[in-house]
Amino acid sequence: MWCFWLVCLLLAVAVSPARAQDRLNVVASFSILGDFVRNVGGDRVSVTTLVGPDGDAHVYTPTPADAKRIADAKLVIVNGLDFEGWLSRLVKSSGKKPTIATATRGIAPRKLGSHADPHAWQSVANAKIYVTNIRDALAAADPAGTGTYRGNAQTYLETLDALDRDIRAAVAQIPQDRRKVISTHDAFGYLASAYGIEFVAPLGVSTESEASARDIARIITQIRTQKIPAVFLENISDSRLIRRISAETGARVGGTLYSDSLTGEKGDAPTYIDMVRHNIKALTSALAN
């Protein structure tokens, strides 16, 4: 009997590395994309994320290890809409020309002047487009896995549909005149358009910008005149600016919103769905009363 189990163990040791090596090697530019890829790819993919949990892709500085990850990748999935301004330099430094898939392909971008708002994932309807683009990119890179990618994507899309319904039901409980908040940077425009909550931010669409004294004064006046009930911190941004605005206006700090990044496994938002549910719960808790 012991011989049988020994043979099984030897087979498992022999087969496991091969299976790991056979997985499609995918690099995602930041944590939210990495989560989408894992949900669609399942066991057929090995996913590496360049900008990890609580990281800020706006100001990210790639490392030599990132260049090697790009060089070794079969597929690189990026957000696009100028979100990863460092990407072209990183690809060049890798010495390779990997297949790059843009997850926002087909999304009509929100425009702020001459710039596109890259935070399209904040709308669940857009997140579904991300998922279908990722599904198609994985299938193109690994045709043998097409059935798996389609099945996983369909299951995840149905979960996103349920999430969208839950968000709309939650927002419906907020009085119309209280659907206004202050966030650190302009990362929630797609959420605002999709679900009817107005966001005002002292910073632009990138955390690289700095708020001027005039911008801050304007927001303080707006909070007072419009009686905006809450301000929110962000996991990727310095909290001092929002806390200052809160102190000067009396608007309560409603908690932390997750905008451009997930958290680690033990945080509030280890997955995209966790992130969205956390954000909506924080918003409704602060605004409904």
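Residues numbered from 1 in each chain as written. Predicted model: local features only at pLDDT ≥ 70, side-chain atom pairs only at ≥ 80, totals over all residues. Heavy atoms only, no water.

A. The arrangement of the overall build of the chain in detail. Counting its regular elements, the chain contains 10 helices and 10 strands. Within the span of the chain, comprising 289 residues, buried residues form 49% of the whole. In the chain, the proportion of contacts linking residues at least 24 apart, taken out of those at least 6 apart, comes to 65%. Looking at the chain as shown, the accessible area adds up to about 14,100 Å², and 52% of this sits on carbon and sulfur atoms. (Helix = DSSP H or I, 4+ residues; strand = E, 2+ residues; numbered from the N terminus. Buried < 20%, exposed > 50% of the residue type's maximum accessible area, 1.4 Å probe, protein only. Contact = heavy atoms within 4.5 Å. Areas by Shrake-Rupley, 256 points an atom, 1.4 Å probe, with all protein chains shown as cover.)

B. Summary view of the pattern of salt bridges. Taken as a whole, this structure holds eight salt bridges when the rule is applied. With its nearest N and O atoms 3.0 Å apart, the salt bridge here joins Arg168 to Asp164. Here the residue Arg168 and the residue Asp164 both occupy positions in helix α6 (residues 146-171), the gap between them amounting to four residues, near one helical turn. Taking the relative accessible area as the measure of exposure, Arg168 reaches 43% and is therefore partly exposed. (Salt bridge = Lys/Arg side-chain N within 4 Å of Asp/Glu carboxyl O.)

C. Quick look at the packing of aromatic side chains. Inspection of every chain in the model, using the stated rule, returns eight aromatic pairs. Ring centres of Phe30 and Trp121 lie 5.0 Å apart, and the angle between their planes is 50 degrees; on these two criteria the pair is classed as tilted. Separated by 91 residues along the polypeptide, Phe30 in strand β1 (residues 24-30) and Trp121 in the loop between β6 (115-116) and α5 (124-141) bring together distant segments of the chain. Among the residues examined, Phe30 registers a relative accessible area of 1% and is labelled buried. The exposure class of Trp121 is buried, given its relative accessible area of 0%. (Phe/Tyr/Trp six-rings, centres within 6.5 Å; stacked < 30°, edge-to-face > 60°.)

D. Quick peek at the nonpolar core. By size, the foremost hydrophobic cluster in this structure holds 73 residues, and its most contacted members are Phe36, Leu160 and Tyr272. Ranked by the residues each element gives to this core, the list is headed by helix α10 (residues 272-287), at nine residues. Of all hydrophobic cores here, the second largest spans 13 residues; its members include Ile182, Ile216, Val231 and Leu241. (Core = buried A, V, L, I, M, F, W, Y, C linked by side-chain atoms within 4.5 Å.)

E. Quick look at the environment of Val200. Topologically, Val200 is positioned in strand β8 (residues 198-200). Expressed as a C-alpha distance, the spacing of Val200 and Gln222, which sit 22 residues apart in the sequence, is 9.2 Å. Leaving out residues up to four positions away in the same chain, Val200 has contacts with Val181, Ile182, Ser183, Arg218, Ile219 and Gln222.

F. Highlighting the environment of Thr61. Along the chain, Thr61 falls in the loop between β2 (45-51) and α3 (64-72). Owing to a relative accessible area of 60%, Thr61 belongs among the exposed residues under this scheme. Spatially, the C-alpha atoms of Thr61 and Leu87 are 9.8 Å apart, while their sequence positions differ by 26 residues.

G. Spotlight on unusual backbone geometry. In this structure, Asp54 is a non-glycine residue whose phi angle is positive, near 60 degrees. Within the fold, Asp54 resides in the loop between β2 and α3. In this structure, Asp82 takes a positive phi of about 60 degrees despite not being glycine. On the secondary structure map, Asp82 appears in the loop between β3 (75-78) and α4 (87-94).

H. Just α3, in detail. Regarding α3, the residues found buried are Asp66, Ala67, Ile70 and Ala71. With its buried residues spanning 145 degrees around the axis, α3 presents them on a single face. Considering only its buried residues, α3 is in contact with β1, β2, β3 and α4. (Arc of directions from axis to C-beta.)

I. Examining the pairing of β2 more closely. For β1 and β2, the ladder comprises six bridges, and the chain directions are parallel. Residue Leu24 lies in a different strand from β2, and its bridge partner there is Val45. In this region the chain leaves β1, passes through helix α2 (residues 31-41) and returns to the parallel neighbour β2; the handedness of that crossover is right-handed. (Pairing = 2+ DSSP bridges. Right-handed = clockwise from strand over helix to strand, strands pointing away.)

J. Fine view of the packing of α3 against α4. Running from N to C, α3 and α4 point in directions that differ by 75 degrees, and their axes come no closer than 8 Å. In terms of axis orientation, α3 runs roughly perpendicular to α4. For the pair α3 and α4, contact is made by Asp66, Ala67, Ile70 and Ala71 and by Leu90, Val91, Ser93 and Ser94, respectively. Taken together, the residues of the contact of α3 with α4 break down into five nonpolar, two polar and one charged. (Axes fitted to C-alpha atoms, helices over the stretch in contact; angles between N-to-C directions. Parallel < 35°, antiparallel > 145°, perpendicular 65-115°, else oblique. Nonpolar A, V, L, I, M, F, W, Y, C, P; charged D, E, K, R; others polar.)

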